[in-house]
Amino acid sequence: MDAAVDASTSQFELNEEQRAIQEMAQAFAADRVAPNALDWDRRKHFPADVIRETGPLGLGGIYVRDDVGGSALGRLDAVLIFEALSHADPGFSSFISIHNMVASMIDRFGNDDQRQRFLPKLTSMEWLASYCLTEPGSGSDAAALKTRAVKSGGDYVINGAKQFISGAGDSDVYAVMVRTGADGPKGISTIIVPKDAPGLSFGANEHKMGWHMQSTRQVIFEDCRVPAENLLSGEGAGFGIAMAGLDGGRLNIAACSLGGAQSALDKALAYTGERKAFGSKINQFQALQFRLADMETELQASRIFLYAAASKLDRKAPDAGKWSAMAKRFVTDTGFNVANNALQLLGGYGYLHDYGIEKLVRDLRVHQILEGTNEIMRVIIARSLIGR
């Protein structure tokens, strides 16, 4: 990362520990992720071995309590980590975010037995986790989900399907939102489903625009039997559990956009400082300089906005939800635009896989859709201003 990243973080007076966390994540990303990112993308390879290497660094339970192996860090700490990892590969960073969302749910809403059964292996990255909310017929309208779980003796029997699930087929544990009661949000519950549960299967790996290093499949439940002791926080609590994880998830995905866009700008700066046209390096042309200046300004504005939103969530500020939505909308839109502009600055070379920018454009586009589309972010922001 360039010096601009360090300059902006001083606005938030990062302490020595936070700078050490940031530097650790940057070093791991540069050493273990960046050299492999294009190859993983080309081969559509899920690098489970490298993902598991983040466990000993404390990245398997970033905001999980330390009695079960978590790092007990804050949301600003997490943003620094995901920004650093995504500078090397947004898809890699995003999967770590999803895994942490599940671990955090179990830590926050699970009972002592559930925390001890699941979290030591999740925080160590021995087990990987996926989050299952979206269905073929319900995306933004999450409360309309149809996957149903029916109590049968000491088990729940689940039928239905989840769509667009990152890590499906590769993860070991799935946090699944199911309907145990009537229609609407109050009828939704959360059940932790292990990969070896009878009746659990997975669809074909989807052919996606980006995030090629992540597997994305349907998760299919056909009379899938899961012990009732895997229910989190009682029947009817699931919608609240799902929504509680989204503010942090939105900040994380914004951080992934920020890091990826910073990488694209860094690549564009290097290229324009070497490429010559009409007898000069092209970074000497004023029109191009103005483009670079705007990209830098937009990224720094995004960074300050994101860090402020993360600080609000750490402080449990009453408007933290609105700020999380605003940061997600603003930073993911800006990140995609900066990466797309960086591709344009490289001309034909930007369109080639080996230069890395076209991958960033493909990877960052989905950030405007997941964790709540940016249109839904506008709904949340507007409701906070004028009411429902």
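Right, let's walk through the structure included here. (Residues numbered from 1 in each chain as written. Predicted model: local features only at pLDDT ≥ 70, side-chain atom pairs only at ≥ 80, totals over all residues. Heavy atoms only, no water.)

What about the packing of helix H11 (residues 320-345) against helix H13 (residues 374-386)?
What counts is decided by this rule: A fitted line through C-alpha atoms serves as each axis, taken over the contacting stretch for helices, and the angle formed by two N-to-C directions is quoted from 0 to 180°. Numbering goes from the N terminus for both helices and strands, where a helix is a DSSP run of H or I of at least four residues and a strand is a run of E of at least two. It is the rotation of the near helix from the far one that decides the hand of a crossing: anticlockwise by less than a right angle makes it left-handed, clockwise makes it right-handed. By definition, residues are in contact when any of their heavy atoms lie within 4.5 Å. Asp, Glu, Lys and Arg are counted as charged, while Ala, Val, Leu, Ile, Met, Phe, Trp, Tyr, Cys and Pro are counted as nonpolar; the rest, among them Gly, fall into the polar class.
At a minimum axis distance of 9 Å, the contact between H11 and H13 shows a crossing angle of 145 degrees. Both H11 and H13 take part in a crossing whose hand is left-handed. Packed against H11, whose contacting residues are Lys322, Ala325, Met326, Lys328, Arg329, Thr332 and Asp333, the element H13 presents Asn374, Met377, Arg378, Ile380, Ile381, Ser384 and Leu385 at the interface. Here the contact of H11 with H13 is built from residues that sort into six nonpolar, three polar and five charged.

Things to note about the packing of aromatic side chains
Just so we agree on the cut-off: Only Phe, Tyr and Trp rings are paired, with Trp represented by its six-membered ring, and only when their centres lie within 6.5 Å; those with planes under 30 degrees apart are stacked, over 60 edge-to-face, the remainder tilted. To sort residues, take the accessible area from a 1.4 Å probe on protein chains only and compare it with the maximum for the residue type: under 20% means buried, over 50% means exposed, and anything in between is partly exposed.
Counting across every chain of the model gives nine aromatic pairs. Where Phe46 meets Phe95, the ring centres are 5.2 Å apart and the plane angle is 85 degrees; that geometry is what we call edge-to-face. In this pair, Phe46 sits in the loop between helix H3 (37-43) and helix H4 (48-52) while Phe95 sits in helix H6 (residues 90-109), placing the two residues 49 residues apart along the sequence. Accessibility assignment for this pair places Phe46 and Phe95 in one class, buried.

Description of unusual backbone geometry
Although it is not a glycine, Asp223 sits at a positive phi angle of roughly 50 degrees. Within the secondary structure, Asp223 is located in strand S7 (residues 216-227).

Description of the environment of Tyr349
Residue position: Tyr349 is located in the loop between H11 and helix H12 (357-365). Counting along the chain gives 78 residues from Tyr349 to Tyr271, while the straight-line C-alpha distance between them is 9.7 Å. With residues up to four places along the chain from it excluded, the contact list for Tyr349 reads Tyr271, Arg275 and Tyr355.

Section: the pattern of salt bridges
Applicable threshold: We count a salt bridge whenever a side-chain nitrogen from Lys or Arg sits within 4 Å of a carboxyl oxygen from Asp or Glu.
Under the defined criterion, the tally for this structure stands at 20 salt bridges. Measuring nitrogen to oxygen at the nearest pair gives 2.8 Å for the salt bridge that ties Arg117 to Asp113. Here the residue Arg117 and the residue Asp113 both occupy positions in helix H7 (residues 112-123), the gap between them amounting to four residues, near one helical turn. You can call Arg117 partly exposed: its relative accessible area is 28%. Look at Asp113 and you get partly exposed, because its relative accessible area is 41%. Of the charged contacts in the structure, one is a salt bridge between Asp333 and Arg378, with a shortest N-O distance of 3.7 Å. Residue Asp333 is located in helix H11, and its partner Arg378 is located in helix H13; the two are separated by 45 residues in the primary sequence. Here the salt bridges share partners, and the residues they tie into one network are Arg65, Asp67, Asp107 and Arg115.

A look at the state of the cysteines
Selection rule: By convention in this document, the label disulfide applies to cysteine sulfur atom pairs within 2.5 Å.
The tally for this structure, following the rule as stated, stands at zero disulfides. In this structure Cys132 is not part of a disulfide, and its nearest cysteine sulfur, from Cys224, lies 11 Å away. In this structure Cys132 comes out as buried when scored by relative accessible area, which is 0%.

Let's talk about a nonpolar patch on the surface
Here is the rule we go by: Patch rule: a residue counts if its relative accessible area is over 30% and it has no salt bridge; like charges are joined within 9 Å, and nonpolar side chains (Val, Leu, Ile, Met, Phe, Trp, Tyr) within 5 Å. Note on areas: these come from Shrake-Rupley sampling with a 1.4 Å probe, and a residue is covered only by the protein chains present in the view.
Together, Tyr349, Leu352 and Tyr355 make up a nonpolar patch on the protein surface, roughly 260 Å² of accessible area in all. Residue class for Tyr349 comes out partly exposed when judged on its relative accessible area of 33%.

Things to note about the packing of H6 against helix H9 (residues 246-272)
How we decide: Any angle that is under 35 degrees is reported as roughly parallel, and any over 145 degrees as roughly antiparallel; angles of 65 to 115 degrees are reported as roughly perpendicular and all others as oblique.
The contact between H6 and H9 brings their axes to 9 Å, and the two run at 165 degrees. Between H6 and H9, the angle is such that the two are roughly antiparallel. The hand of the H6/H9 crossing is right-handed. For the pair H6 and H9, contact is made by Pro90, Ser93, Ser94, Ser97 and Met101 and by Gly249, Asn252, Ile253, Cys256 and Gly260, respectively. Looking at the contact of H6 with H9, its residues break down into four nonpolar, six polar and no charged.

Observations concerning the nonpolar core
This is how it is decided: Take the buried Ala, Val, Leu, Ile, Met, Phe, Trp, Tyr and Cys residues and link them wherever side-chain atoms come within 4.5 Å; each set so joined is a nonpolar core.
Core analysis: the biggest nonpolar cluster contains 70 residues, and Ile51, Ile62, Ile81, Phe82, Phe92, Leu251 and Leu306 have the highest contact counts within it. In this structure Ile81 touches Ile21, Ala25, Leu59, Ile62 and Leu73, once residues within four positions along its chain are discounted. Membership of the second largest hydrophobic core comes to 25 residues, among which are Val64, Leu119, Leu133 and Ile192.

A look at the side chain of Asp77
Test applied: Polar contact is defined as a pair of N or O atoms within 3.5 Å, subject to the rule that within protein one atom must be able to donate a hydrogen and the other to accept it, and that residues adjacent in sequence are counted only when both atoms are side-chain atoms.
With respect to the helices and strands, the residue Asp77 is situated in helix H5 (residues 75-88). There is a polar contact of 2.7 Å between the side chain of Asp77 and the backbone nitrogen of Gly74.

Quick look at the pairing of strand S3 (residues 155-166)
Convention followed: Any two strands are treated as partners once DSSP identifies two or more bridges connecting them.
Where strand S2 (residues 148-152) meets S3, five bridges bridge the pair, whose relative direction is antiparallel. Bridging across to S3, Lys151 finds its partner in Tyr156. Here S2 hands over to S3 after two residues, with Gly153 in that stretch at a positive phi of 65 degrees. Of the strand pairs in this sheet, S3 and S7 are connected by nine bridges, and their pairing is antiparallel. Each bridged residue has a counterpart across the sheet, and for Ser166 the counterpart in S7 is Thr216.

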